[in-house]
Amino acid sequence: MITGASSGIGQATARLLHSQGMRIIACGRREDRLNALRDELGKDDVLTLTFDVRDEHAVNAAIGSLPEPWKDIYILVNNAGNAHGLDTLQHGSTADWDAMIDINVKGLLYVSRAVLPGMVERNSGHVVNIGSIAGKEVYANGAVYCASKHAVDAINKGMRIDLNGTRVKVSAIHPGLVETEFSLVRFKGDADRSEQVYKGYDPLQAEDIAHTLLFMVNRPWHVNIADVLILPSHQAASTIVSKS
Ligand code: NDP
Ligand code: 8X3
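So, a few notes on the structure that sits alongside this text. (Residues numbered from 1 in each chain as written. Chains lettered and ligands numbered in written order. Predicted model: local features only at pLDDT ≥ 70, side-chain atom pairs only at ≥ 80, totals over all residues. Heavy atoms only, no water.)

**Considerations on the site of ligand 1**
Logical step 1: In the region of ligand 1, 31 residues are neighbours, and Ser6, Ser7, Arg29, Tyr145 and Thr180 sit closest.
Logical step 2: At 2.8 Å from an oxygen atom of ligand 1 is found a main-chain nitrogen or oxygen belonging to Ile9.
Logical step 3: Contacts to ligand 1 include Asp52, whose side-chain N or O atom sits 2.9 Å from a nitrogen atom.
Logical step 4: The protein chains hide 98% of the 870 Å² of surface that ligand 1 would expose on its own. (Near = heavy atom within 4 Å. Polar contact = N/O pair within 3.5 Å; in protein donor to acceptor, adjacent residues only side chain to side chain. Areas by Shrake-Rupley, 256 points an atom, 1.4 Å probe, with all protein chains shown as cover.)

Written as structure tokens, this is what we have:
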């Protein structure tokens, strides 16, 4: 099960895991995108679930509605999330803050709460939480996004502690700059501003994160790659990028 499979890292992960023979539960709000992915990969191998991770009832209804052959989720990729705005705290929009906390933090918790009991019952599973370099550092104008990703970092560590003693693994990937629709969302559809974020250097591509995740979920049982910070080689820290 991959949340945020309609775009970027989640979509690339869906394609790659499917290419390795896995069946995919692809989640997101944009049904047309999910349907296109299902048409591309094949109806037998992809089940789509359309819900907003902010809506606890919708999360529970969607996951609770999974038909029998799809009920047992072996890998959960908690990927849905975005930044909304880039502002100081004194000027930021509270609606943007609500979106980031509700999606990146509470949404991840709701989905995890719905999926984890089944994994524990079967004593089998792997959760990969997608954090960010913003969960390891704080940068100017990004306090609330960074706070949301620091929360993901804490939840990831807490989840691993809570599940210790079961055969459910918990890992996190913390990417630096990845060229996806992330900046388009952050800048509210401003394509020119968004493109600037990825210009003058080689950013990561969504497929780079997908390949890292595939390596992590393919390790033998006794190996858990617990925490990965992955950056473009041109990036040294959140806002230190060597551009030409
Ligand atoms: P995209 O904008 O391309 O993808 C975001 C995905 O999240 C979409 O599939 C979107 O689906 C889904 N999503 C957003 N809001 C909701 C919601 N309320 N309910 C359900 N799904 C939602 O960005 P990325 O692929 O880059 O982002 C994926 C993850 O990677 C995020 O958690 C992001 O914070 C993290 N990340 C990204 C980095 C980057 O530089 N790109 C770097 C570090 C971390 P839909 O709109 O259809 O609901
Ligand atoms: C997304 C990348 O640099 O905006 O997490 O934090 S950044």
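**Here's the deal with the pairing of strand E1 (residues 24-28)**
Logical step 1: Counting buried positions along E1 yields 5 of 5 residues, so the element is predominantly enclosed.
Logical step 2: On E1, burial covers both faces: Ile24, Ala26 and Gly28 on one face and Ile25 and Cys27 on the other are all buried.
Logical step 3: Bridge count between E1 and strand E2 (residues 46-50): 5 bridges; the pairing is parallel. Bridge pairing links Ile25 to Leu47 in E2.
Logical step 4: Regarding the hand of the β-α-β motif, the stretch spanning E1, helix H2 (residues 31-41) and E2 is right-handed. (Buried < 20%, exposed > 50% of the residue type's maximum accessible area, 1.4 Å probe, protein only. Helix = DSSP H or I, 4+ residues; strand = E, 2+ residues; numbered from the N terminus. Pairing = 2+ DSSP bridges. Right-handed = clockwise from strand over helix to strand, strands pointing away.)

**Notes on the site of ligand 2**
Logical step 1: Close contacts around ligand 2 come from Ser132, Ala134, Tyr139, Tyr145, Leu177, Phe182 and Arg186, and that covers them all.
Logical step 2: In the model, an oxygen atom of ligand 2 is placed 2.5 Å from a nitrogen or oxygen of the Ser132 side chain.
Logical step 3: Note that an oxygen atom of ligand 2 is positioned 2.9 Å from one of the side-chain N or O atoms of Tyr139.
Logical step 4: Taken by itself ligand 2 offers 240 Å² of open surface, and the protein chains cover 88% of this.
Logical step 5: When its residues are assigned to classes, the shell around ligand 2 shows 5 nonpolar, 1 polar and 1 charged. (Nonpolar A, V, L, I, M, F, W, Y, C, P; charged D, E, K, R; others polar.)

**Some points on the sheet that holds strand E5 (residues 168-175)**
Backbone-to-backbone hydrogen bonds join strands into a sheet, with any given pair of strands oriented parallel or antiparallel.
Logical step 1: The parallel open sheet is built from 4 strands, whose spatial order is E3-E4-E5-E8. For this open sheet the edge positions go to strand E3 (75-78) and strand E8 (227-230), each flanked by a neighbour on one side alone. Direction aside, neighbouring strands of the sheet carry axes that sit 15° apart on average.
Logical step 2: Two elements, E3 and strand E4 (residues 125-130), share 4 bridges in a ladder whose sense is parallel. Looking at E4, one finds that Ile75 is bridged to His126.
Logical step 3: Most of the contacts of helix H4 (residues 94-122) go to E3, to which it runs at about 170°, and overall it touches E3, E4 and E5.
Logical step 4: Sheet strands touched by helix H8 (residues 206-217): E3, E4, E5 and E8. Its angle to E5, the strand with the most contacts, is close to 155°. (Axes fitted to C-alpha atoms, helices over the stretch in contact; angles between N-to-C directions. Contact = heavy atoms within 4.5 Å.)

**Details of unusual backbone geometry**
Logical step 1: In this model, Asn123 sits at a positive phi of 55°, which is unusual for a non-glycine residue.
Logical step 2: Of note, Asn123 is situated in the loop between H4 and E4.
Logical step 3: Residue Asn123 is classed as partly exposed on the basis of its relative accessible area, which comes to 37%.
Logical step 4: Even without being a glycine, Lys188 presents a positive backbone phi close to 55°.
Logical step 5: Mapping Lys188 onto the fold places it in the loop between helix H6 (182-186) and helix H7 (191-197).

**Observations concerning the packing of aromatic side chains**
Logical step 1: A complete count under the given rule lists 1 aromatic pair for this structure.
Logical step 2: Above the ring of Trp70, the side-chain terminus of Arg23 is found at 4.6 Å from the ring centroid.
Logical step 3: The aromatic ring of Tyr145 is capped on one face by Arg186, whose charged end is 5.3 Å from the ring centroid. (Phe/Tyr/Trp six-rings, centres within 6.5 Å; stacked < 30°, edge-to-face > 60°. Lys NZ or Arg CZ within 6 Å of the ring centre and 35° of its normal.)

**A closer look at empty space enclosed by the protein**
Logical step 1: Counted by the stated rule, this structure contains 3 cavities of 30 Å³ or more.
Logical step 2: Approximately 100 Å³ is the volume attributed to the largest cavity.
Logical step 3: Residue assignment for the lining of the largest cavity shows that the elements contributing at least two residues are H4 and helix H5 (143-162).
Logical step 4: Within the lining of the largest cavity, the residues separate by chemical class into 7 nonpolar, 7 polar and 3 charged. (1 Å grid on protein atoms, 1.4 Å probe; cavity = no way out; pocket = protein on both sides within 12 Å on 5 of 7 lines; lining within 4 Å. Points joined across faces, edges and corners; volume = space filled by probe spheres on them.)

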